[in-house]
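Summary of the model geometry
Each chain, written out:
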Amino acid sequence: MQKFKNIGLKLTPQRLAILGFLEGNPDHPSAEDIYKAVSVQFPTMSLATVYNTLDALREKGYIIELTIDPAKKRFDPFTKMHHHLICTSCKRVKDIHADFMLDIPEQVRGDFRITGNHIEFYGVCPVCGNGHERRI
Ligand code: ZN
Ligand code: MN
């Protein structure tokens, strides 16, 4: 929590609970997910508090905003470069930690120097896949 000292917002107990929920969370929660989880402990907390805390964290580079789920933004406390695998059925997002040596031909990348990439893989997770098999 010490590292969040310079977030630029007053660290109220509610905001600390939001930070605590996000820290090390591998589930890529949406603002609504975070609100639901933290409002159990802080029933008077507003969704606006979640949004402005997320905004501040994103601006300071403590979290990444993911747009791979068209229905809602998801947030990732793991800010080092990595890839994502999304279940097209339940929208679960899994981290992929692997390097893919992708080369873009010079005539395509022009005068850009490539510094990274973010690959979105799509698939069906075991929970959704098994459910589908049972229904048949
Ligand atoms: Zn799924
Ligand atoms: Mn991730």
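A brief look at the structure comes next. (Residues numbered from 1 in each chain as written. Chains lettered and ligands numbered in written order. Predicted model: local features only at pLDDT ≥ 70, side-chain atom pairs only at ≥ 80, totals over all residues. Heavy atoms only, no water.)

Take the coordination of the manganese ion (ligand 2) next. Around a metal, the perfect tetrahedron of four donors has angles of 109.5 degrees, and the perfect octahedron of six donors has angles of 90 or 180 degrees. Taken together, His-28 (NE2), Asp-76 (OD), His-82 (NE2), His-84 (NE2) and Asp-95 (OD) make up the protein donors of the manganese ion (ligand 2), found 1.9 to 2.3 Å from the metal. Sequence spacing of the donors to the manganese ion (ligand 2): H-x47-D-x5-H-x1-H-x10-D. Of this pair, His-28 sits in the loop between α1 (13-22) and α2 (31-38) while His-82 sits in the loop between β2 (74-76) and β3 (83-87); the two residues are 54 residues apart in sequence, bridging distant segments of the chain. For His-28, a relative accessible area of 1% puts it in the buried group. (Donors = N, O, S within 2.8 Å, 3.2 Å for Na, K, Ca; no water. Helix = DSSP H or I, 4+ residues; strand = E, 2+ residues; numbered from the N terminus. Buried < 20%, exposed > 50% of the residue type's maximum accessible area, 1.4 Å probe, protein only.)

Now for the coordination of the zinc ion (ligand 1). The coordination sphere of the zinc ion (ligand 1) contains the protein donors Cys-87 (SG), Cys-90 (SG), Cys-125 (SG) and Cys-128 (SG), at a distance range of 2.2 to 2.3 Å. One way to put it: the four donor atoms around the zinc ion (ligand 1) meet at angles of 106 to 114 degrees, and that makes the site tetrahedral. As a motif over one chain, the donors of the zinc ion (ligand 1) read C-x2-C-x34-C-x2-C. Of this pair, Cys-90 sits in the loop between β3 and β4 (93-96) while Cys-125 sits in the loop between β5 (120-123) and α5 (126-135), placing them 35 residues apart in sequence. Overall, the relative accessible area of 39% leaves Cys-90 in the partly exposed class. Take Cys-125: its relative accessible area is 9%, and that puts it in the buried class. (Tetrahedral: all angles 85-135°; square planar, octahedral: opposite > 155°, others 65-115°.)

Buried within α2 are the following residues: Ala-31, Ile-34 and Val-38. Burial along α2 is one-sided: seen end-on, the buried residues are contained in an arc of 65 degrees. Of the surrounding elements, those touching the buried residues of α2 are α1, α3 (47-59) and β2. (Arc of directions from axis to C-beta. Contact = heavy atoms within 4.5 Å.)

Attention shifts here to α3. Between its terminal C-alpha atoms α3 stretches 18 Å, which fits the 18 Å expected from 13 residues at 1.5 Å a residue. Of all the positions in α3, only Thr-49, Val-50, Thr-53, Leu-54, Ala-56 and Leu-57 are classed as buried. Buried residues along α3 cover an arc of 165 degrees about the axis, so they all sit on one side. (Expected span 1.5 Å × (residues − 1).)

Counting across every chain of the model gives one aromatic pair. Plain terms: the ring middles of Phe-100 and Phe-121 are 5.5 Å apart, the flat faces sit at 50 degrees to each other, and that makes the pair tilted. Of this pair, Phe-100 sits in the loop between β4 and α4 (106-109) while Phe-121 sits in strand β5, and the two are 21 residues apart along the sequence. Using a relative accessible area of 29% as the deciding quantity, one classes Phe-121 as partly exposed. (Phe/Tyr/Trp six-rings, centres within 6.5 Å; stacked < 30°, edge-to-face > 60°.)

Two quantities define a packed helix pair, namely the angle between the helix axes and the distance between the axes. Their axes nearest at 10 Å, the elements α1 and α3 cross at an angle of 60 degrees. Between α1 and α3, the interaxial angle falls into the category oblique. Crossing of α1 against α3: the hand is right-handed. Between α1 and α3, the residues in contact are Gln-14, Arg-15, Ile-18, Leu-19 and Leu-22 and Thr-49, Val-50, Asn-52, Thr-53, Leu-54 and Leu-57, respectively. (Axes fitted to C-alpha atoms, helices over the stretch in contact; angles between N-to-C directions. Parallel < 35°, antiparallel > 145°, perpendicular 65-115°, else oblique. Left-handed = near helix turned anticlockwise from the far one by under 90°.)

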